[in-house]
Structures are given as C-alpha cells and as structure tokens.
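As a plain string of letters, each chain reads:
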Amino acid sequence: MDFALSKEHELLQKLYREFAENEVKPLAQEIDEEERFPRETVEKLAKYGLLGIAYPVEYGGQGADYLAYIMCCEEMGKVCATTATIIGAHSTLCVYPIFTFGTEEQKQKYLPDLLSGRKLGAFALTEPGAGSDSSMQQTKAVKEGDHYILNGTKCFITNAGEADVYVVSTMTDKSKGNHGITTFIIDKDTPGFSFGKHEKKMGIRGSATADLIFENAIVPAENVIGTEGQGFKIMMKTLDAGRISMGALALGIGEGAFDITVKYVKERKQFGKHIAAFQNTKFELADIKTKLDAAQLICYKAACEKDAGRPYGLYAAECKYLCAATASDVTRRCLQLFGGYGYMREYDIERMMRDAKITEIYEGTSEVQKIVMSNHLNIR
Amino acid sequence: MKIVVCVKQVPDTTEVKLDPKTNTLIRDGVPSIINPDDKAGIEAALELKEKLNDGSTVTIVSMGPPQADVALREALAMGADEAYLLSDRKFGGSDTYATSTIVAAGVKKIGFDIVITGRQAIDGDTAQVGPQIAEHLGVPQVSYAEDINVEGNKVIVKRKYEDREHILELPIPCLITALSELATPRYMSVKGVMDAYRAKEVKVLTFEDLKDMFNPDYIGLKGSPTNVFKSFPKQAKGKGEFYPDLSADEAVNTIVTKLEEKHII
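Residues numbered from 1 in each chain as written. Chains lettered and ligands numbered in written order. Predicted model: local features only at pLDDT ≥ 70, side-chain atom pairs only at ≥ 80, totals over all residues. Heavy atoms only, no water.

### Remarks on the overall build of chain A
Here is step 1: Along chain A, the regular secondary structure elements total 10 helices and 10 strands.
Here is step 2: The C-alpha radius of gyration computed for chain A amounts to 21 Å, which stays within 12% of the reference 21 Å derived for 380 residues, consistent with globular compactness.
Here is step 3: A sequence separation of at least 24 residues applies to 73% of the contacts in chain A between residues at least 6 apart.
Here is step 4: For chain A, the exposed surface amounts to about 16000 Å²; the carbon and sulfur share of it is 54%.
Here is step 5: Taking the 46 positively charged and 52 negatively charged side chains of chain A as two groups, their mean positions are separated by 5 Å. (Helix = DSSP H or I, 4+ residues; strand = E, 2+ residues; numbered from the N terminus. Rg over C-alpha atoms; globule rule 2.2 N^0.38 Å. Contact = heavy atoms within 4.5 Å. Areas by Shrake-Rupley, 256 points an atom, 1.4 Å probe, with all protein chains shown as cover. Lys, Arg positive; Asp, Glu negative; His and termini not counted. Charge placed at Lys NZ, Arg CZ, Asp CG, Glu CD.)

Shown next as structure tokens:
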C-alpha cells in the first residue's frame, strides 16, 4: 500500500492551490460580507476546466478521476467554502445523474455546456416538508401527452437562480412512496418555473440559496432521467458520490483553519512569548492535525474506492460524517486559539466556523449519514 | 514557426534561507518552481502561438537534474507542445558559460525560429545565460523584452530599460530574453495536466546526444571558467548620519563637504 499521490495528482494539487490562493481567497471575505454570488469566479473555474474535472473528454470534460475532483473541492474549501459548494452542487449533484443515468441524447445536449462551464448546474430534492425523508415529497409531475406538468416547491436549493440546468426530483406516483419518484432535467427558462427569495444563511453566504417554484411548469417527457419511478435510486446514487466531495470540502475548511491558526500562534504574543510556546496551543494543534489527517485518509480512500470501481457507499458516508464533524470541531477550537480577534469578522476564522456548520447539515445530515452507514453494515 | 523557450527550475527564493555558517542556500524542503521570468517567457510564447494560429509550436528546453521533469510537465500542462530535458552527470557544476554551451547545443539540435529565455534566474541573478546562448547560436538578440510581436518574417520587440523603451526589429531566427512583466502566466488546466503525463512526453537529451554539438572541454564543472569565490548575505546599510537643527546654509555646506570626502563630487 502506497499513500503517495501520483505525479498527476501532485501537479493538479499545485494548480488548485495556485488558483485558490490567487483567484478564490481574495474574494472569500467580500462575498461572505455582501452575500454575493461570485459569478466572476465561476467563469475562471470554467476557463481552467475546474467545472468538469472527473468526466470524459468526449463530453467536454477534463478526463481526470474522482480523486482529482475531490482534491479540488478540498483546496477550494481551504480558502472559500462558498466556491467549493458551487463546484460540488454543479459537478456532482447536477452533472453526475445526467452522465450516469441520462440517455445519449441528454448527454450530448447537456454535458458539453455543463462540463465546459458555459452553463452552471443545480440539484433539487429538499422540500419544506421533505428533507431527510424524501418519500414525503409533494412536488407532483403529471404526464400529459409528450410532456409533464409540474407543481410544487423545492427549498434550500444551492445555485438557485444562478444555474441554467436543474436536476429535480418529483413525485409521479404518491402511492408508491420512494418508488414513485421521478427525476427531471429542467432548463432555467422553462415556462412556469421561477425562484423564491434569496435565503439569508449563517454561513456559505456567497452561495445562492432559494426556492424553486413550479406552477404548471411544462417539461418535455424526454427530460426524464432514466425511467419513471427510478428517481429515488438516481438521487441516492448521486448523493453517494456527492458525499465524498462534500466531505472533501469540509476537510478543506478544517485544514484551512489549521493553516491560518498555525501562522497566527507564531505571531501572537501573550505573557512575553508567542502563544505557540504554550502547551495548550501545542496540544490543541497536534490533536487537530491528527483528526484532520485521519479525516483526509477516509476521504481519499472513499474516492479511490470509487475510482477503482469498488463499492464505496459506506466509505462515502463515513467520509461526509467524519469530515463534517472534524470541520466543525476544528474551526471552533482554532477560533478559541485566536481569542477575541477570532470573533472579529475581520479575521477569516469566524467565517470558517460558520461555514463548517453547514457541512453537518446539507447533502444529508450527519444523522442521515449514520443511518446510511448502519444500513451498509446491516445493523437493523 | 518553432518557438523554443528555455526555462530553469529554481528554488522558490521567497522561502529560501542561507546557512549562516557556510553562506550557501538551504535547499531542503524548499519548493521548486519555474523561474518567474522564464514562466513569463512560456506565456509569451503560448500567446504568440495562439495569435499566429498558423501551426506554430512551443517547445520547452531545460537543463537540469531528473527532478526538473516536473517543471517541464508544468509547462506542458500550460499548453506547450513539446519538452526536452538536457540532463547528464557530465553537465553538473556548469557555470553560466558551460550552461549556455549545453543549452545552445540542445536548442540547435531541436531546431528553432525564435528562442525566448527569461532575463535572469532568481537563484543566480546573472542574466548571462540568455545572451550567451544567442552568441553560441550566432543569432541576433534583444534582452529585457516587455512585448513581442511577429510581423511577416520579422520580430518586433519592445525593450525596457530603467528610463526608456526601445522598439526593435529583428530577423528570424533570433533570441529574446523576457522580463516577468512580458506576460502574466496562465494556470495549468486540468486537462493540460492529464495530457502532460499521458499524451505528451519529456524527451531527455544526454551528453551522448549532444557531444557532437559542443566542445566537451567547455561543459560541466571542469569546463566552467568561473568559480564562486565567496557568497554572503547582503548587509543592511547603516541608518546614516543625522544633523539636526542646521540652517539651510549649514546644511548645504555639510552635504557638499560629505560628498567631497567620499569623492562623489
């Protein structure tokens, strides 16, 4: 067993780091403060292929593997969780189901634009009354001839209003519960499709979050992904893959917090010496780094299992759960080492602590991850 | 048009420290990068290629140990077409003269229309290798370029001095040394990185490949006419002398006297 990165991955990491440092980090505080979607960053991500990393070249992707992709989420997460969230919602949640379950026509129609970043993607499952329990979805799709009529509301949707393509989960047969769910690809300009107000959030404040509102929206039948009733499986498979990238993002937040804290404790003096010289600081940071490295191992393992074509659902859930818990724990403790300055919005650490919290909630709460794990382990 | 860019892998001097006892660079754990002026040269070559859009190619050449491979892969990932590493134990210890002898031999072997080098490397700061390569190749050169354009079979270069700029016209083939202001290097792209390792290769040229192109007495440590006599960190200048409470006339006299003492006037 060799834990070293390949030369390709090392060079990709260099690319991600340079890009994150020069293009993403300088905007992180501003977009948080102004709650502004960083459109200019999306254009730059597109230019260097960062919106189509793990997809084949023939569809306009970059031809790299999943590990390469989640390393991008990690590096962006270190400096700006908003940017990493935009990438994750686009690259996994929207693109993955179209690539994995879509027809050749759907792939030809949507993937080149999405993978090149000419169009941005989003994914919609959650509803006001259906979060972790997807079987309670109320958004209905009724077939009429060669199209479906959609009615209902999706909430807390990442990239809402900013994205051009939406992968949306609906109920086509309520009586079948989860087996009555059908997934659609929906274009932004679909008649009867609109957006709710911009949600004000605790963290990832540059990320656009809003309701998707369907009022007799007319969607062509050819936009169904897979078959009618296959939606639950499609969503679960998509979320499996997404858990690794969300874990990587959370890991990145923790690593970013660690990096700036190490720098700070060597500069900040109290009682006549740098606070790095105090045992509490040393012990805290040693413990934090151990937890981050452990989280990174499970995260990379999940990605490598996926790349190897082996079952990875258990590791993906472990990755999301552990990385999110670590990010929340680590950012809180790092902020404590910053003391009063850490509580000031002028410093990045308070933003990181606010951003970390969402990773325990979105794309499956930590509690849902534990349910997924126990199912994999056949503990019923 | 075949554009050849010569690059050097250097330690990132923003992170390098001097050993206080030996006054040599501590290279352990210091990341290696493409020399910034050279990287601007790569960007300028890529922009020129894209502007010409006539099948022109960009070839990267570097002399160095096998580890310099990664610098060449980075250039390939930025979009360069080909890369050559001139690497042999016999090349080790070369000074600027020996280095330019070897690099010129490599460039000649590969073939070229325009050669671009960085102005100078951040680890040596000599600014000698580029001009020396031009002399070995017997082609005209312009150093300190901040803009390069090709018009027909001529190259128009804007040369930047401290207080002026020159617009110069050169025939092809020629050599140009680039300032880092010449162009802002693009990032690698993800597909570029994949191609750099999968679709492209770094070709290695050794002493055997180049021995007919130079006099072997003028390469490597033995063939180097210069040796480092002493290296030392720059000393900070003193604070200067203060003469408070002088009248204007006294101040003028003091300044003139001091300048005369130092034989400046």
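From this point, the narrative continues.
### Let's talk about the overall build of chain B
Here is step 1: Broken down by element type, chain B carries 7 helices and 13 strands.
Here is step 2: In chain B, which comprises 265 residues, the share counted as buried stands at 44%.
Here is step 3: Long-range pairs, those at least 24 residues apart, make up 71% of the contacts in chain B between residues at least 6 apart in sequence.
Here is step 4: A total of about 14700 Å² of accessible surface is found on chain B, and carbon and sulfur atoms cover 50% of it.
Here is step 5: Of the charged side chains in chain B, 32 are positive and 40 negative, and the gap between their average positions amounts to 5 Å. (Buried < 20%, exposed > 50% of the residue type's maximum accessible area, 1.4 Å probe, protein only.)

### Quick look at the interface of chain A and chain B
Here is step 1: Tallying the contact residues gives 20 residues for chain A and 15 residues for chain B.
Here is step 2: In total, chain A and chain B occlude about 1600 Å² of area from one another, counting both sides; carbon and sulfur atoms represent 67% of this.
Here is step 3: Between chain A and chain B we count 2 salt bridges in total.
Here is step 4: Here Glu8 of chain A ties to Arg198 of chain B by a salt bridge, and the two come within 2.8 Å at their closest N and O atoms.
Here is step 5: Taken together, the links from chain A to chain B amount to 6 residue pairs in polar contact (both at pLDDT 80 or more).
Here is step 6: The class makeup of the residues in the side of chain A that touches chain B is 10 nonpolar, 5 polar and 5 charged. (Buried area = accessible area lost by both parts, 1.4 Å probe. Salt bridge = Lys/Arg side-chain N within 4 Å of Asp/Glu carboxyl O. Polar contact = N/O pair within 3.5 Å; in protein donor to acceptor, adjacent residues only side chain to side chain. Nonpolar A, V, L, I, M, F, W, Y, C, P; charged D, E, K, R; others polar.)

### Let's talk about the packing of helix 4 (residues 81–101) of chain A against helix 5 (residues 104–116) of chain A
All names here are of chain A.
Here is step 1: Relative to each other, helix 4 and helix 5 sit at 160°, their axes nearing to 10 Å. As judged from the angle between their axes, helix 4 and helix 5 are roughly antiparallel. Considering the relative orientation of helix 4 and helix 5, their crossing is left-handed. Contacts between helix 4 and helix 5 involve His90, Cys94, Val95, Ile98 and Phe99 from the first element and Gln106, Lys107, Tyr110, Leu111, Leu114 and Leu115 from the second.
Here is step 2: Residues of the contact of helix 4 with helix 5, tallied by class, amount to 8 nonpolar, 2 polar and 1 charged. (Axes fitted to C-alpha atoms, helices over the stretch in contact; angles between N-to-C directions. Parallel < 35°, antiparallel > 145°, perpendicular 65-115°, else oblique. Left-handed = near helix turned anticlockwise from the far one by under 90°.)

### Some words on helix 10 (residues 366–376) of chain A
Residue and element names in this part refer to chain A.
Here is step 1: The complete set of buried residues in helix 10 reads Ser366, Val368, Gln369, Val372 and Met373. With its buried residues spanning 155° around the axis, helix 10 presents them on a single face.
Here is step 2: Residues of helix 10 that are buried in the fold lie against helix 6 (231–267) and helix 8 (313–338).
Here is step 3: Immediately downstream of helix 10, the backbone of Asn378 shows phi near 55°, a positive value. (Arc of directions from axis to C-beta.)

### Overview of a nonpolar patch on the surface
All names here are of chain B.
Here is step 1: There is a patch of nonpolar side chains on the surface, built from Val252, Val256, Ile264 and Ile265 and spanning about 370 Å² of accessible area.
Here is step 2: Looking at where Ile264 falls in the secondary structure, it is placed in the segment after helix 7 (248–261).
Here is step 3: Note on Ile264: relative accessible area 54%, which makes it exposed. (Patch = residues over 30% accessible without salt bridge, like charges linked within 9 Å, V, L, I, M, F, W, Y side chains within 5 Å.)

### Considering the packing of helix 6 of chain A against helix 7 (residues 279–307) of chain A
Residue and element names in this part refer to chain A.
Here is step 1: At their nearest, the axes of helix 6 and helix 7 sit 10 Å apart, and the two run at 155° to each other. As far as their axial angle goes, helix 7 and helix 6 are roughly antiparallel. Seen along the crossing, helix 6 lies across helix 7 with a hand that is left-handed. Counted together, Ala241, Ile244, Gly247, Ala248, Leu251, Gly254, Glu255, Phe258, Thr261, Val262 and Val265 of helix 6 and Thr281, Leu285, Ile288, Lys289, Leu292, Ala295, Gln296, Cys299, Ala302, Ala303 and Lys306 of helix 7 form the full contact between these two elements.
Here is step 2: Of the residues contributing to the contact of helix 6 with helix 7, the split by class is 14 nonpolar, 5 polar and 3 charged.

### Focus on the pairing of strand 11 (residues 165–171) of chain B
Residues and elements named next belong to chain B.
Here is step 1: Judged from the 7 bridges that link them, strand 10 (residues 154–160) and strand 11 form a sheet pairing that is antiparallel. Residue pairing in the sheet places Val155 in a bridge with Leu170 of strand 11.
Here is step 2: Hairpin connection, strand 10 to strand 11: the antiparallel pair is bridged by 4 residues. (Pairing = 2+ DSSP bridges.)

### Some thoughts on the pairing of strand 1 (residues 121–124) of chain A
All names here are of chain A.
Here is step 1: Burial along strand 1 is two-sided: the face carrying Gly121 and Phe123 and the face carrying Ala122 and Ala124 are both buried.
Here is step 2: Sheet topology note: the strand 1/strand 4 (residues 165–171) ladder contains 4 bridges and is parallel. Opposite Phe123, over in strand 4, you have Val167 as the bridge partner.

### Brief notes about the nonpolar core
Here is step 1: Counting residues in hydrophobic clusters, the biggest one holds 156 residues, and the most contacted among them are Tyr16, Leu50, Ile70, Met76 and Ile98 of chain A together with Ile60 of chain B.
Here is step 2: Of the residues forming this core, the biggest block, 15 residues, is contributed by helix 6 of chain A.
Here is step 3: Once residues lying within four places of it in the same chain are set aside, the contact partners of Ile70 of chain A are Ile244, Ser245, Ala248, Cys299, Tyr300 and Ala303 of chain A.
Here is step 4: In terms of nonpolar packing, the next biggest core, distinct from the first, is built from 25 residues, Phe91, Val107, Ile110 and Phe214 of chain B among them. (Core = buried A, V, L, I, M, F, W, Y, C linked by side-chain atoms within 4.5 Å.)

### With respect to unusual backbone geometry
Here is step 1: The linkage connecting Ile172 of chain B with the following residue, Pro173 of chain B, adopts the cis geometry, with an omega of 5°.
Here is step 2: Within the secondary structure, Pro173 of chain B is located in the loop between strand 11 and strand 12 (174–178).

### A few points about the pattern of salt bridges
All names here are of chain B.
Here is step 1: Taken as a whole and judged by the stated rule, the model has 48 salt bridges over all chains.
Here is step 2: Between Lys49 and Asp81 there is a salt bridge, with its nearest N and O atoms 3.0 Å apart. In this pair, Lys49 sits in helix 1 (residues 36–52) while Asp81 sits in the loop between helix 2 (69–78) and strand 7 (82–86), placing the two residues 32 residues apart along the sequence.
Here is step 3: Across the pair Glu241 and Lys258 runs a salt bridge whose closest N-O atoms are separated by 3.5 Å. Placement of the pair is Glu241 in the loop between helix 6 (207–210) and helix 7 and Lys258 in helix 7, with a sequence separation of 17 residues.

### Remarks on helix 8 of chain A
Each turn of an α-helix holds 3.6 residues, which means side chains three or four residues apart point in the same direction.
Here is step 1: Taking 1.5 Å of rise per residue, 26 residues should cover 38 Å, and helix 8 of chain A covers 37 Å from first to last C-alpha, within 8% of that figure.
Here is step 2: Gly339 of chain A, located one to two residues past helix 8 of chain A, shows a positive phi value of around 65°. (Expected span 1.5 Å × (residues − 1).)

### A closer look at the packing of aromatic side chains
Here is step 1: Enumeration according to the criterion identifies 20 aromatic pairs over all chains in this entry.
Here is step 2: Plain terms: the ring middles of Phe271 of chain A and Phe278 of chain A are 6.3 Å apart, the flat faces sit at 85° to each other, and that makes the pair edge-to-face.
Here is step 3: Residue classification places Phe271 of chain A among the exposed residues on the basis of a relative accessible area of 78%.
Here is step 4: Centre to centre, the rings of Tyr144 of chain B and Tyr161 of chain B are 6.2 Å apart; their planes meet at 75°, and the pair counts as edge-to-face. Here Tyr144 of chain B, found in strand 9 (residues 141–151), pairs with Tyr161 of chain B, found in the loop between strand 10 and strand 11; they are 17 residues apart in sequence, far enough to count as distant.
Here is step 5: Aromatic rings pair up to connect Tyr166, Phe193, Phe195 and Phe214 of chain A into one cluster.
Here is step 6: The ring of Tyr315 of chain A carries the charged tip of Lys301 of chain A above its face, separated from the ring centre by 4.7 Å.
Here is step 7: Of note, Lys306 of chain A hangs over the ring of Tyr66 of chain A, and the distance from its end group to the ring centre comes to 4.4 Å. (Phe/Tyr/Trp six-rings, centres within 6.5 Å; stacked < 30°, edge-to-face > 60°. Lys NZ or Arg CZ within 6 Å of the ring centre and 35° of its normal.)

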